[in-house]
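Breakdown of the fold
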Amino acid sequence: MTLKSSGNPPRRRRFRRFFGSLGPGLITGAADDDPSGISTYSIAGARFGYAPLWTALFSFPLMAAVQLMCARLGLVTGLGLAGVIRRRYPPWVLWSACALLVIANTINIAADLSGMAEATALVTKLPGALFLPVYASVIIGALVWTSYRTIARMFKWLTLVLGAYVLTAFLTSVDWHTAFQMTLLPHLEFTRDFLAVLVGVFGTTISPYLFFWQAAEEVEEESAMGRNFRERQGATSDELRACRTDVVTGMFISNVIMYFIILTTAATLHTRGPSYITTAREAAEALSPLAGRAAYSLFTLGIIGTGMLAVPVLAGSCAYAVAEAARWRHRSLASRPRRARKFYAVIAVAVLLGLTLDFAGFNAIRLLFIAAVINGILAPPLVLIVVLLTSDRRVMGDAVNPQLLSWLGWATFSTMTAAACGLVIGGWG
């Protein structure tokens, strides 16, 4: 008699294998839905209803393509994005790219810290300014004395709160016919407000800091396996396939959350009349149909969780870029602070500069939106560099971009450039 295996059913094993293979792409996707992203998507839904829903469907292949290019770049070259730029282009291109990154990231850090503080003030009834130095100190201390992986393990579960937007959408009176129509048929308004929202949505979805982070994390993954620089160079077809699965999955999850935040705020906040969200309280009210009085607490947990994932990524990508550009020997979050003092100093300075901006008196929600718009304006030249590098055989060898990936890369550059130009020409303020 043959006994049945007591192991897991094949389907369950495949499921576990699939999620077990996910790494940097999944973390990058989670970090993309940061407080700036949540606020920008909420503003889009509250102001324009279902009209911006098409951006989630449209941006997914563009976002996935750029992040996949960055991941392949790190896998094949064994270097982060700044390291490859340093080897391929003159110093002015390298340091211009780093400058764009640092400017965008500093503003984004300020916005995320401010959003976390205001959301916390919403439930504690204490002034938000009290929490700004607390969050900044916790993040710097955690990165210096533990690791980003530890932070990710601790706070990634809080990002599951964003699933509340998905549930809320099915508990409200969504006009599904209009929603699907707006999802499949792009709607454009050539007004200052709509273009600002459009650039903000693209900017917070396809953000410069994610380019540097994705490439650097692929290198970190290989370094953690004990591979030196020579061993990291090159990538097998299996590694490139696994990388594609990881990145596309992470970006898909990120865009699903984006879609439902816009949908939920359109169905709950926009129905009262088109309006700009100006406070955390107003943004949190989108979750009231699901959570009632607990909506503010639910919103706050989501903002804190995504902020604790995103701010270290923002500061870390600054440190990776500057360290590679300056050829510092120790330039990794896996390095001990004593051996990588300059690397960790960049992280601390980036967070502290963001903290300084927070005390300039900006409205938290508006600052979160401004950060997204600035990312949208500064991203196109960095997208161009990524496309050129990953299409260059001198950099990638036989692993240059497949034709479809190149087309999507150029489409991303063209779309973001057109949106940014439209906003700048039309004026925004």
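The coordinates are above.
The rules behind each value
Residues numbered from 1 in each chain as written. Predicted model: local features only at pLDDT ≥ 70, side-chain atom pairs only at ≥ 80, totals over all residues. Heavy atoms only, no water. Axes fitted to C-alpha atoms, helices over the stretch in contact; angles between N-to-C directions. Helix = DSSP H or I, 4+ residues; strand = E, 2+ residues; numbered from the N terminus. Left-handed = near helix turned anticlockwise from the far one by under 90°. Contact = heavy atoms within 4.5 Å. Nonpolar A, V, L, I, M, F, W, Y, C, P; charged D, E, K, R; others polar. Salt bridge = Lys/Arg side-chain N within 4 Å of Asp/Glu carboxyl O. Buried < 20%, exposed > 50% of the residue type's maximum accessible area, 1.4 Å probe, protein only. 1 Å grid on protein atoms, 1.4 Å probe; cavity = no way out; pocket = protein on both sides within 12 Å on 5 of 7 lines; lining within 4 Å. Points joined across faces, edges and corners; volume = space filled by probe spheres on them. Phe/Tyr/Trp six-rings, centres within 6.5 Å; stacked < 30°, edge-to-face > 60°. Lys NZ or Arg CZ within 6 Å of the ring centre and 35° of its normal. Patch = residues over 30% accessible without salt bridge, like charges linked within 9 Å, V, L, I, M, F, W, Y side chains within 5 Å. Areas by Shrake-Rupley, 256 points an atom, 1.4 Å probe, with all protein chains shown as cover. Disulfide = S-S within 2.5 Å. Polar contact = N/O pair within 3.5 Å; in protein donor to acceptor, adjacent residues only side chain to side chain. Core = buried A, V, L, I, M, F, W, Y, C linked by side-chain atoms within 4.5 Å.

1. Some words on the packing of helix α6 (residues 91-124) against helix α18 (residues 341-358)
- Following both chains from N to C, one finds α6 and α18 inclined at 65 degrees, their axes separated by 8 Å at the closest point. The two elements α6 and α18 cross, and the hand of that crossing is right-handed. Contacts from T106, I107, I109, A110, A111, L113 and S114 in α6 reach A350, V351, L353, G354, L355, L357 and D358 in α18.
- The residue inventory of the contact of α6 with α18, partitioned by class, reads 10 nonpolar, three polar and one charged.

2. A short note on the pattern of salt bridges
- Enumeration according to the criterion identifies six salt bridges in this entry.
- With a closest N to O distance of 3.5 Å, D193 and R47 form a salt bridge. Of this pair, D193 sits in helix α11 (residues 192-205) while R47 sits in helix α3 (residues 35-48), placing them 146 residues apart in sequence.
- Beyond isolated ion pairs, a larger network of salt bridges with shared partners links R88, D392 and R394.

3. With respect to unusual backbone geometry
- The residue K125 is not glycine, and still its phi comes out positive at about 65 degrees.
- Tracing the backbone through its elements, the reader meets K125 in the loop between α6 and α7 (132-145).
- Even without a glycine there, the phi angle at R327 is positive, about 60 degrees.
- Following the sequence through the fold, R327 ends up in the loop between α17 (295-325) and α18.
- You can call R327 exposed: its relative accessible area is 61%.

4. Quick look at the layout of surface pockets
- Roughly 420 Å³ of volume is contained in the second largest pocket.
- Around the second largest pocket, the lining comprises 18 residues; the ones closest to its centre are S223, R232, R329, R331 and S332.
- When contributions to the lining of the second largest pocket are tallied by element, the ones reaching two or more residues are α12 (208-224) and α17.
- With four residues, the top contributor of residues to the lining of the second largest pocket is α12.
- Within the lining of the second largest pocket, the residues separate by chemical class into five nonpolar, six polar and seven charged.

5. As for the packing of aromatic side chains
- Tallied over the full model, the rule gives 12 aromatic pairs.
- Judged by centre distance (5.6 Å) and plane angle (65 degrees), the rings of W54 and F58 are edge-to-face. With W54 and F58 both in helix α4 (residues 54-77), this residue pair falls four residues apart, about one helical turn.
- Pairing F343 with Y344 gives two aromatic rings, centres 5.5 Å apart and planes at 85 degrees, and the pair type is edge-to-face. Comparing F343 with Y344, the two get one shared label, buried.
- When the ring centre of F48 is taken as reference, the NZ or CZ atom of R47 above it lies at 5.1 Å.
- Over the face of the ring belonging to Y296 we find R281, whose NZ or CZ atom lies 4.8 Å from the ring centre.

6. Considerations on a nonpolar patch on the surface
- A surface patch of nonpolar side chains, about 320 Å² in accessible area, is lined by L57, L184 and L185.
- Along the chain, L57 turns up in helix α4.

7. So, the state of the cysteines
- Scanning the model with the defined rule gives zero disulfides in all.
- Free cysteine C98: the closest other cysteine sulfur is in C318, separated by 9.0 Å.

8. As for the side chain of T120
- Structurally, the position occupied by T120 is in helix α6.
- Engagement of the side chain of T120 in a polar contact is seen with the side chain of Y135, the distance being 2.7 Å.
- Leaving out residues up to four positions away in the same chain, T120 has contacts with F131, Y135, T300 and I304.

9. Here we look at the nonpolar core
- Counting residues in each nonpolar core, the largest one holds 143 residues, and the members touching the most others are L81, F211, L263, F299 and F343.
- Considering each element in turn, this core owes the most residues, 16 residues, to α17.
- When near neighbours in sequence (up to four residues on either side) are disregarded, F343 contacts A319, Y320, A323, W328, H330, R331, S332 and L333.

10. Digging into the side chain of T264
- With respect to the helices and strands, the residue T264 is situated in helix α14 (residues 237-268).
- Looking at T264, the relative accessible area reads 0%, which means it is buried.
- Excluding residues that lie within four positions of it along the chain, T264 makes contacts with Y165, T168, A169 and A286.

Any functional reading would require information that these geometric values do not contain.
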